[in-house]
Amino acid sequence: MAGLLQLREGSAAWLLAHEVRLFFYDMGESKSGKKRKRGMSRMSKLLIIAMFLLVHTAVWLVMRKMPVLKDEPPAMIMMGAGAALFVMFTFMLSFGLNRSVRALFERGDLDLLLSSPLASQTIFTVRLTGIVIGVATLFLLLLTPVAHVGLILGQPRYLGVYPAIVSMALIASSLSMMLTLGLVRWLGVRRTLVAAQLLGAASGASIFLIIQLMNHLDIAWRQKVFAQIQPLLEPGRLLSEQSMVWLPAHALFGSPWAMLVMAGFGFACFKLTAYLTHDFFVRGVQQAGGVSAASITAQARTGGKRKGAQHQFKSGLWRTVVIKEWRMILRDPQLISQVLLQLLYLMPMFFIAYKNGTVLPATAAMVIFIGASLAGSLIWVMVSAEDAPDLLLSAPSSQRIIRNAKVSAAVIPLLILIAPLLLWLVLQAPLTGLMLTIAAFAAMTNIAMLNLWLAKPGSRAQFNKRGQGNWLASVLEAFSAMSWAATVYFSMQYGWMGLTPLIAVLLLLGVAWLMRIERNAR
């Protein structure tokens, strides 16, 4: 890109072109057992182009039947668009936090850049610009079809999508960077990695949880909530039609003054972040001490222990392996955030349970399905992504005990997680609660054993794409989880006759056992 545009080496534009190139490479495909590719494959590019054109076609079919907007849209449409943009902003913030952590601490190139002739102010500004580009690109791909189709239909006001999304990306990226650097100052580098990943996951799921909570509130509670909000919608109040709260929506629909204000505020946030946090950015990088992904992992695994610290080993191989696995998970910020995101989506199940006074069969089935899926994720990390498999195999200890300990390390935390719901069920309906507890333990152990039998070596970086490296294990895991969920659902509906899906569970277990990878069984 730099050669095509003839950018001067060492300039800010040249460095920004490098940031864009790295963003493109980050979108590359990484499959287990295959060499990582730089950038997307040709098939992936064609698929994205086809989807982009398909979205344009769908938007055109919808918008051609809509009335032409000559003036600003009605208040309800404006407020609905504003609420949607607020939801989008939370996802921008989540994405910005993840990219800020990666840009500052995981790429490991800042020491080299700061030792170059480039000004540190330029380096930080370009790095922040790269985060803005990464945040804005995804959402522009989603919404720009509206702008393009609107222009074709003679409604250029929809071009306000561009300044609205770019301005929101500037604000979200600036907040993400300031929050990340603030966490470094408060918690230190290693703890910031965990905190930023957790905040990113929580901010993305918070809107979903709020919507689910509102859906499961009683009518009386909803009326109270809306009664509190209603006065805020009156003219001159916080949520009135002309309030600055709806400024992004006005910009989205092409209001010139709103676009100018949003653009000015976004660039002001960007410049203030680059100027006010620049010095601390340099100190943060120095504090990280040239942190790279490998050094962060090494520091996390040592736990940041001081020299001379005394280690006290507890007796018992099973206990030692379980605690070791839990510590490894707690020291992996990316894994924690990914698992936490799955756990957050489990919370609406509790709302349903307490609202209805009894647990609906569908709710119980979903609890079993999600718990089994999480067990599969955890055991994959403990077995496939084991950092020292050869060391464990050569240890003078029973491999059966080690494998059982790994299964326990995956299942116990999840049982503790759903323990409040199970205990409440046992108190309300002892037989139902006991059956659900047994089913939960059996389903999680079943999924863990499937992964244990069919596990292939992998790395934690491949967590989100683990199914690509071992499709058989992924298919068996998914069908087993669904079979256990179906067993719970139908048994609660039809009694003992509903246990028929257990046949599928046993068949899948048999297939996994026959296809298992032979290991040392000492």
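If you're wondering where the values come from, they're calculated on a predicted model, not measured in any experiment. (Residues numbered from 1 in each chain as written. Predicted model: local features only at pLDDT ≥ 70, side-chain atom pairs only at ≥ 80, totals over all residues. Heavy atoms only, no water.)

**Overview of the overall build of the protein**
So, step 1. A tally of regular secondary structure across the protein gives 24 helices and 0 strands.
So, step 2. Of the contacts made within the protein by residues no fewer than 6 positions apart, 77% connect residues no fewer than 24 positions apart.
So, step 3. Here the protein displays about 28,300 Å² of accessible surface, and carbon together with sulfur accounts for 69% of that area. (Helix = DSSP H or I, 4+ residues; strand = E, 2+ residues; numbered from the N terminus. Contact = heavy atoms within 4.5 Å. Areas by Shrake-Rupley, 256 points an atom, 1.4 Å probe, with all protein chains shown as cover.)

**So, the packing of aromatic side chains**
Aromatic ring pairs: the centre-centre distance and the angle between the two ring planes describe each pair.
So, step 1. One pass over the structure, following the stated rule, counts 2 aromatic pairs.
So, step 2. Centroid distance Y489 to F490: 5.3 Å. Interplanar angle 80°. Geometry classified as edge-to-face.
So, step 3. Classification of F490 by relative accessible area gives partly exposed; the value is 34%. (Phe/Tyr/Trp six-rings, centres within 6.5 Å; stacked < 30°, edge-to-face > 60°. Buried < 20%, exposed > 50% of the residue type's maximum accessible area, 1.4 Å probe, protein only.)

**Digging into the confidence of the model for the protein**
So, step 1. Averaged over every residue, the pLDDT of the protein is 75; the share at 70 or more is 73%.
So, step 2. Mean pLDDT across the secondary structure elements of the protein bottoms out at helix α13 (residues 293-302), with 44, and peaks at helix α11 (residues 256-276), with 91.
So, step 3. Counting contacts from residues 290-311, a segment whose pLDDT is below 50, to residues more than four positions away or on other chains yields 25 contacts. (pLDDT = per-residue confidence, 0-100.)

**Topic: the side chain of S255**
So, step 1. Topologically, S255 is positioned in the loop between α10 (247-252) and α11.
So, step 2. When residues no more than four places from it in sequence are discounted, the contact partners of S255 are E72 and H250.

**A closer look at the nonpolar core**
So, step 1. With 49 residues, the main nonpolar core has M92, I165 and M177 as its most contacted residues.
So, step 2. Those elements that place two or more of their residues in this core are α3 (42-63), α4 (75-106), α5 (110-114), α6 (120-152), α7 (161-187), α10 and α11.
So, step 3. Broken down by element, the residue count for this core peaks at 12 residues, all from α6.
So, step 4. Once residues lying within four places of it in the same chain are set aside, the contact partners of M92 are V135, F139, I165, M168, A169 and A172. (Core = buried A, V, L, I, M, F, W, Y, C linked by side-chain atoms within 4.5 Å.)

**A look at a nonpolar patch on the surface**
So, step 1. Side chains of W471, V475, F479 and M482 sit close together on the surface and give an oily, nonpolar patch of about 440 Å² of accessible area.
So, step 2. For W471, the position within the fold is in helix α23 (residues 471-494). (Patch = residues over 30% accessible without salt bridge, like charges linked within 9 Å, V, L, I, M, F, W, Y side chains within 5 Å. Salt bridge = Lys/Arg side-chain N within 4 Å of Asp/Glu carboxyl O.)

**Points about helix α20 (residues 419-428)**
So, step 1. Within the span of α20, buried status applies to L421, L422, W424 and L425. Buried residues in α20, looked at end-on, bunch into an arc of 160°, giving them a common side. Opposite the buried face of α20, by more than 90 degrees, sit the exposed residues L423 and L427. (Arc of directions from axis to C-beta.)

**Some points on the packing of α4 against α7**
So, step 1. Across the interface, α4 lies against α7 with an axial gap of 8 Å and an inter-helix angle of 50°. What the angle tells us is that α4 and α7 run oblique. In the crossing of α4 with α7, the sense of the turn from one axis to the other is right-handed. Of the residues in α7, those in contact with L85, M88, F89, M92, L93, G96, L97, S100, V101, L104 and F105 of α4 are I165, M168, A169, I171, A172, L175, S176, M177, L179, T180, L181 and V184.
So, step 2. For the contact of α4 with α7, the class distribution of residues is 19 nonpolar, 4 polar and no charged. (Axes fitted to C-alpha atoms, helices over the stretch in contact; angles between N-to-C directions. Parallel < 35°, antiparallel > 145°, perpendicular 65-115°, else oblique. Left-handed = near helix turned anticlockwise from the far one by under 90°. Nonpolar A, V, L, I, M, F, W, Y, C, P; charged D, E, K, R; others polar.)

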